[in-house]
Amino acid sequence: MTSHSQLQSLYGPLGVTSASDHARSMGQFLDTLRERAPRLADALLALIDDTAGCDLWRALFASKFLRDAVVAEHEFATGLVAASFDSPIPNPVDLQKLTDELGPEAGLRRFRRQRMLSIAWRDIAGLATLDESLEALTQLADVCVSLALRVAREHMIKRYGQLLDAQGQPVSLYAICMGKLGGRELNFSSDIDIVFCYSRDGAADGRRAVAASEYCLREARRVIALLDTQTELGRVFRVDTRLRPFGESGPLAISFSALETYLQEHGRDWERYAFVKARFIGADANQDEVETFETDVIQPFVYRRYLDFGVLVALRDMQDMIAAEVARRDLGQHVKLGPGGIREVEFIAQSWQLIRGGQIASLRTRSLFAALEAIVKADCMPADTVAALGAAYRHLRVVENRLQMLSDRQTHELPDDSLQREALRMAMGVASWSELMKTLDEHRAMVTATFANLVFAGHDEQAELPSWLDLSDEALADALAQHVPGRHGDLSSVLSAFRQRLTTLPMERVARERLDTFVQRVMLLVGQFQRPDELLARVLDVAQAVLRRSAYLSLLNEQPTALDRLLRLCSDSQYLARQLAEFPMLLDELLDARLFAQPLQREALREQLDTLQQERAPQDDEARMQLLVQFARVAWFRIAVADCSGFLPIMRVSDLLSDVAQLVLQRVLAIAWQDLTRRHGAPEGATASQLGFAIIGYGKLGGIELGYGSDLDIVFLHDYPAGDTDGERSIDNTVFAARLARRIVHLLSVQTGQGHLFDVDTRLRPSGRSGLLVSSVAAFARYQADDAWTWEHQALTRARFVAGDAATGQRFTDVRSRTITECIRRDSLAEEVVRMRARMRAALSSAEPDQFDLKQDAGGIADLEFLVQYLILQHAETHAVLASCTDNIRQLDSLAACEVLAADTAIALQEIYREYRQAAHRQALNGRPAVVPEPGFVEQRRVVQRIWGAIFDGVDADIPTEH
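What counts, and where the lines are drawn
Residue numbers run consecutively from 1 along every chain, following the written order of its sequence. Residues qualify for local features only when their pLDDT is at least 70, as the model is predicted, and side-chain atom pairs are given and counted only at 80 or more; totals for whole chains, interfaces and linings, by contrast, use all residues. Computation of side-chain values: all heavy atoms of the structure, hydrogens and water removed. Under the DSSP-based scheme used, a helix requires at least four consecutive residues in state H or I and a strand at least two consecutive residues in state E, with every element numbered from the N terminus. Classification of residues uses two cut-offs on accessible area relative to the type maximum, computed with a 1.4 Å probe and protein chains only: under 20% is buried, over 50% is exposed, and between them is partly exposed. Using a 1.4 Å probe, accessible areas were evaluated by the Shrake-Rupley method; residue-level cover was limited to the displayed protein chains. When charges are counted, neither His nor the chain ends are considered; positive counts come from Lys and Arg and negative counts from Asp and Glu. All charge positions are set by atom: Lys at NZ, Arg at CZ, Asp at CG, Glu at CD. Here an angle of 0 to 180 degrees is reported between the N-to-C directions of two axes, which are lines fitted to C-alpha atoms, with helices fitted over the stretch in contact. The cut-offs work like this: below 35 degrees is roughly parallel, past 145 is roughly antiparallel, 65 to 115 is roughly perpendicular, and the gaps in between are oblique. By definition, residues are in contact when any of their heavy atoms lie within 4.5 Å. Think of it as three bins: nonpolar holds Ala, Val, Leu, Ile, Met, Phe, Trp, Tyr, Cys and Pro, charged holds Asp, Glu, Lys and Arg, and polar takes everything else, Gly as well. Among buried residues, the Ala, Val, Leu, Ile, Met, Phe, Trp, Tyr and Cys ones that are joined through side-chain atoms within 4.5 Å form a nonpolar core. What counts as a ring pair is set by centres within 6.5 Å for rings of Phe, Tyr and Trp (its six-membered ring), and what kind of pair is set by the plane angle: stacked under 30 degrees, edge-to-face over 60, tilted for all other angles. At least two bridges found by DSSP between two strands is the condition for calling them paired. Patch membership needs two things, relative accessible area over 30% and no salt bridge, and members are linked within 9 Å if like-charged or within 5 Å if nonpolar (Val, Leu, Ile, Met, Phe, Trp, Tyr). Here a salt bridge means any side-chain nitrogen of Lys or Arg lying within 4 Å of a carboxyl oxygen belonging to Asp or Glu. The crossing is said to be left-handed when, going from far helix to near helix, the turn is anticlockwise and less than a right angle, and right-handed when the turn is clockwise. Given the number of residues in a helix, its expected span is that number minus one, multiplied by 1.5 Å. The predictor attaches a confidence to each residue, called pLDDT, with possible values from 0 through 100. Fitting one axis to the seven residues ending at a residue and another to the seven starting there, the bend at that residue is the angle between the two axes. We call two N or O atoms a polar contact when they sit within 3.5 Å, provided that within protein one can donate a hydrogen and the other can accept it, with sequence-adjacent residues counted only if both atoms are side-chain atoms.

**Q** Before we move on, could you go through the overall build of the protein and cite the residues and values that matter?
**A** When helices and strands are tallied, the protein shows 41 helices and 14 strands. Evaluated residue by residue, the protein yields a buried proportion of 56% over its 963 residues. Summed over its atoms, the accessible surface of the protein is roughly 40600 Å², and 48% of this surface lies on carbon and sulfur atoms. The centroid of the 107 positive side-chain charges in the protein is displaced by 4 Å from the centroid of its 133 negative side-chain charges.

So, in structure tokens, the structure goes:
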């Protein structure tokens, strides 16, 4: 069979007719190859009969660039075939050999053509994945840019000498790679976006002291000439430097310090998008100075510490300009800039990176593929949407590459002429042009819909109020009457008062515009809620709190669901509204669709904290505490939201609040331990996993009944032997324990930018304020047996180990059990309990004559708790199981199981206790004390008082039976 006959056997499988231009071109190619490289022609023809060989020939049929390159680089192509098209990752050694042989200009161009031949052939033939092709193209550019930088520096040194700073250290020139090169996702015929930057000012040490600015300018020009000059061998890469500060009017090379100043003073939103991809290449790169500049300058410019939905405004502006350019140039079939094209996918990913990258480290990536994965993990978008977006992007990038591989041209437009369409169809491996377009259109439609949902959500046509900031009070009232049904007069009063407050506050133009939009949107929605004037006042307090960080207003303006959640929460709870106003970072939570679902369990809370700490990886105590406060604030907020929404019974609310406190205590103890042992070492036998130190929770923490804003009653115990710590600056073990306890109290109560963790009360320690802050377990046991008051034994019934060393915690639990069962003065117990309760009732009630204090009045929470504590202490000697629990509900279960209380009595008290605590929680959520109007809980109070009277019948104490 002749060579041309063998070639004709491919026409059918490839959908080519013998009279087509493709058939004629392939015939000419084969004739030329036979003449110049017969061995290669034979090797290729020998591959025709297998499937893989057909794919290799399909690539040659499709791409004129491949055919020309195979002929021009036939020796290299022969090696490719012989090596079965091994991985095309460029090797710097191969480039060096070519430049040594041919010189830098020719060597770079020959190397580029060879490697592009390999990459394109493998890609179209299906021997490489998209990821492999993009990485190979990126590495090719990296190798070429690095060599150009080195050659340019050698040229400058020969001519002007070494560039040195004031300390005599070399000054490096860097190419900051932007765009797809920076993201390691370079396309086939792409130009490369570069910003040239040098590390420090200085001067050359040659005969003429050329300043760093002039030296690096010439050096950068030399790099561009090496890469971008067109010769008979073509060019290496087109170099685009227009992304540099001030664009084409700015200096070609700029110092680190000048770039920092520019970004801080002049950096625009579109530049934040661009610098997401910024990556440094240097011939003699100082990795430390690069990492420092990236961490200290570029990251803070790109990624803000707070949610930044203001970037969507900039994105809309950029998209409008692109759309206008697409329309002007008729680029509807442009796979990059057209509707649903590559740029829209990039904008979607980069927008989420800019919005949330300041809080989520995994979003701070140059790779679009990695960014999409992080977007899913951060719950920014549904997983199925992101998966479809990723599939669309990959398909678009394949089309882009195959389109450019046809003739090695930087084009993104789908071809009009039939010949080019046939070539692209073959390169894509599909049967027809209509099939190619059907798949492409499906992907583009999905991208367009996703892009519109992100960028234009909530921007449909809707009624708008006039700008309320500039209206007179009368005009404002008229506008509200026209646009807002119902109590517009009350709303007008609230809004007028808010405007008056604003006159005393400085407000930038952007913040003013965002606030204007926000209030207009709110005014059109508050009429849907009960008490709209009260809701509006709460929401405006939140708005005022975030004026200095008006990006939060952008969040609410750009995300209708977030605004809806804000209104619902502020309507439900004054506590939640106050939390949002005091801690605006909680507004971030409004984006989470799970906000109104049941919150996490304790183990999930622990995992959440672990993830947060891994994401942020804080290096100092202050940063660690900021992170802990953030975790606690978010957890409290989510619990309160679930509470208000009715998803949580009262006991689960307290359980979760107590769980959060325990997690925080454990982490604070770990921070304090690490800090102290770093300076002084540890007591003998104590390690980070066996501290010999325990935190005991009393009161609501011990009883697993924490409320919103509860302080922590805690006692510190240690189990250290006599002696000193083992560090270079050793201290006595008891001093170590005391300092550890003080450090914990300080960390819990210290103010951070997000507030503090807890108010701490340590007065329940042995001997109260006059006693040591921390006791040994043995000393604590002696005190409880010999010196403790009855009220301290009552408090002990609510005490439990909450953090620290488990063995020390178990020793405390044993002491507690032994004290409650063996050391109680039961002959006088009833009188002392009744007398103490009478004093408390008289001193602590907050109720007016027509009110009932849920906690302190007769028949309230404290009476019920005292009843339970008395019965536990009185009967634990004969029923040791009564000492096992610390919360009222389970203690009542135990009392019923031991027949100390009748089962129906215990159940009645449990139900009343839940009702009281539910009411107290509701009061707290609305910013009110635990006091309700008379007549409130009349029947419940009578039941508690009746049981109290039956148990303490005949006890000599002045106990009022009615409020």
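After that view of the structure, there is still more to cover.
**Q** An account of the packing of helix H18 (residues 368-377) against helix H19 (residues 383-405) is requested, with residue identities and associated values reported.
**A** As a packed pair, H18 and H19 sit with axes 9 Å apart at the nearest point and diverge in direction by 170°. Of the possible angle classes, the one that applies to H18 and H19 is roughly antiparallel. In this structure, H18 uses Leu368, Phe369, Leu372, Ile375 and Val376 to contact H19, whose residues at the interface are Ala383, Val386, Leu389, Gly390, Tyr393 and Arg394. Across the contact of H18 with H19, the residue classes break down as nine nonpolar, one polar and one charged.

**Q** Which residues make up the environment of Gln784, and what are the values?
**A** Along the chain, the position of Gln784 falls in helix H34 (residues 777-786). For Gln784 and Leu796, which are twelve residues apart along the polypeptide, the C-alpha to C-alpha distance reads 9.2 Å. Beyond its immediate chain neighbours, meaning those up to four positions away, Gln784 contacts Tyr698, His793, Leu796, Thr819 and Cys823.

**Q** So what's going on with the nonpolar core? Which residues, and what values?
**A** One finds Trp57, Trp121, Phe196, Phe518, Leu566 and Phe693 to be the most contacted residues of the largest nonpolar core, which totals 263 residues. For this core, the leading source of residues is helix H10 (residues 130-160), giving 16 residues. Apart from the residues within four sequence positions on either side, Leu566 is in contact with Phe518, Val539, Val542, Leu556, Leu580, Leu587 and Leu590. Counting 58 residues, the second-largest nonpolar core is a separate cluster that includes Ile861, Tyr870, Tyr913 and Ile947.

**Q** So what about the packing of aromatic side chains? Which residues, and what values?
**A** Think of a pair of aromatic rings as described by two things: how far the centres are apart, and how the planes are tilted against each other in angle. The tally for this structure, following the rule as stated, stands at 24 aromatic pairs. Each ring, one from Phe65 and one from Phe188, has its centre 5.5 Å from the other, and the planes form 70°; the classification is edge-to-face. Within this pair, whereas Phe65 is found in helix H6 (residues 64-72), its partner Phe188 is found in the loop between helix H11 (179-182) and strand E3 (192-198), the two being separated by 123 residues in sequence. Neither Phe65 nor Phe188 differs from the other in exposure class; each is buried. Geometrically, the ring pair formed by Phe256 and Phe293 is stacked, given 4.3 Å between the ring centres and 25° between the ring planes. Of this pair, Phe256 sits in helix H13 (residues 256-265) while Phe293 sits in helix H15 (residues 287-302); the two residues are 37 residues apart in sequence, bridging distant segments of the chain. One exposure class covers both Phe256 and Phe293, and it is buried.

**Q** For the pairing of strand E7 (residues 279-282), give the residues involved together with the corresponding values.
**A** By the alternation rule, side chains of E7 split into Arg279 and Ile281 and Phe280 and Gly282, which are all buried. Taken together, the four bridges between strand E2 (residues 173-177) and E7 define a ladder with antiparallel strand orientation. Each residue of the ladder has a partner; that of Ile176, found in E7, is Phe280.

**Q** Before we move on, could you go through unusual backbone geometry and cite the residues and values that matter?
**A** The amide bond that connects Glu934 to the next residue, Pro935, takes the cis arrangement and shows omega of -10°. One can find Pro935 in the loop between strand E14 (931-933) and helix H41 (938-951). At Phe246, a position not held by glycine, the phi torsion is positive, near 65°. For Asp379, which is not glycine, the phi dihedral falls at a positive 60°. Of note, Asp379 is situated in the loop between H18 and H19.

**Q** Please provide a residue-by-residue account of the pairing of strand E8 (residues 693-698), values included.
**A** Most of E8 is tucked away: six of the six residues are buried. Alternating residues of E8 divide into Phe693, Ile695 and Gly697 and Ala694, Ile696 and Tyr698, and every residue in both groups is buried. Here E8 pairs with strand E9 (residues 712-718) via six bridges, running antiparallel. What sits directly across from Gly697, in E9, is Ile714. Note that E8 and strand E12 (residues 800-804) share four bridges and pair antiparallel. By the bridge assignment for E12, Gly697 is matched with Arg800.

**Q** Requested: an account of a negative patch on the surface, with residues and values cited.
**A** Together, Asp330, Glu413, Asp416 and Asp417 make up a negatively charged patch on the protein surface. Looking at the secondary structure, you find Asp330 in the loop between helix H16 (311-329) and helix H17 (342-356).

**Q** Help me get a handle on the packing of H6 against helix H9 (residues 104-124), residues and values and all.
**A** In the contact formed by H6 and H9, the axes pass within 10 Å of each other and the chain directions differ by 135°. The orientation of H6 relative to H9 falls into the category oblique. Judged by the sense of rotation from one axis to the other, the crossing of H6 with H9 is left-handed. Side by side, H6 and H9 meet where Phe65, Leu66, Ala69, Val70 and Ala72 of the first sit next to Arg113, Met116, Leu117, Ala120, Trp121 and Ile124 of the second. Considered class by class, the residues forming the contact of H6 with H9 number ten nonpolar, no polar and one charged.

**Q** Describe helix H12 (residues 212-228), naming the residues involved and giving the relevant values.
**A** The α-helix advances 3.6 residues per turn, and as a result positions three or four apart in sequence lie on the same side. Taking 1.5 Å of rise per residue, 17 residues should cover 24 Å, and H12 covers 23 Å from first to last C-alpha, within 8% of that figure. All of the buried residues in H12 are Ala212, Tyr215, Cys216, Leu217, Glu219, Ala220, Val223, Ile224, Leu226, Leu227 and Asp228.

**Q** Give me the pattern of salt bridges: which residues, what numbers.
**A** Per the stated rule, a full pass over the model turns up 48 salt bridges. The partner of Arg922 in a salt bridge is Asp643, and the shortest N-O contact between them spans 3.3 Å. Taken as a pair, Arg922 in helix H40 (residues 903-925) and Asp643 in helix H30 (residues 621-644) lie far apart in primary sequence, 279 residues in all. On the basis of relative accessible area, Arg922 is assigned to the partly exposed category, the value being 30%. Look at the salt bridges and you will find they share partners, linking Glu135, Asp142, Arg184 and Arg279 into a network.

**Q** Could you give me a rundown of the environment of Tyr393, with the residues and numbers involved?
**A** Position of Tyr393 relative to the elements: it lies in helix H19. What makes Tyr393 buried here is its relative accessible area of 0%. Once the C-alpha coordinates of Tyr393 and Glu344 are considered, the two residues, 49 residues apart in sequence, prove to be 9.4 Å apart. For Tyr393, the residues in contact, after removing those within four places along its chain, are Lys180, Glu185, Ile342, Val345, Glu346, Leu368 and Phe369.

**Q** Let's hear about the confidence of the model for the protein: which residues, and what values?
**A** Here the protein averages 86 in pLDDT, and 93% of its residues register 70 or above. Note that pLDDT drops below 50 for residues 959-963; the model gives that stretch 15 contacts with residues more than four away or on any other chain.

**Q** Describe H15, with residues and values.
**A** At Glu294, H15 shows its maximal bend, which comes to roughly 35°. All of the buried residues in H15 are Glu289, Val290, Phe293, Glu294, Val297, Ile298, Phe301 and Val302. Here the buried face of H15 lies against E2, H13, helix H14 (269-275), E7 and H17. Residue Asn286 occupies the N-cap position of H15, its side-chain oxygen lying 3.1 Å from the main-chain nitrogen of Asp288.

**Q** Give me the side chain of Asp887: which residues, what numbers.
**A** With respect to the helices, strands and loops of the structure, Asp887 is situated in the loop between helix H38 (861-875) and helix H39 (888-897). A distance of 2.6 Å separates a polar atom in the side chain of Asp887 from a polar atom in the side chain of Arg890.

**Q** Could you give me a rundown of the environment of Arg394, with the residues and numbers involved?
**A** Inspection of the secondary structure puts Arg394 in helix H19. Spatially, the C-alpha atoms of Arg394 and Phe369 are 9.3 Å apart, while their sequence positions differ by 25 residues. Sequence-distant contacts of Arg394, that is, excluding residues within four places in its chain, are made with Leu130, Asp131 and Phe369.

**Q** Describe in detail the side chain of Asp193, supporting the description with residues and values.
**A** Secondary-structure assignment places Asp193 in strand E3. Buried within the structure, Asp193 lacks any salt-bridge partner; Arg242 is the closest side chain of opposite charge, at an N-O distance of 6.0 Å. Apart from residues no more than four positions distant in its own chain, Asp193 is found in contact with Ile176, Cys177, Met178, Gly179, Asp240 and Leu243.

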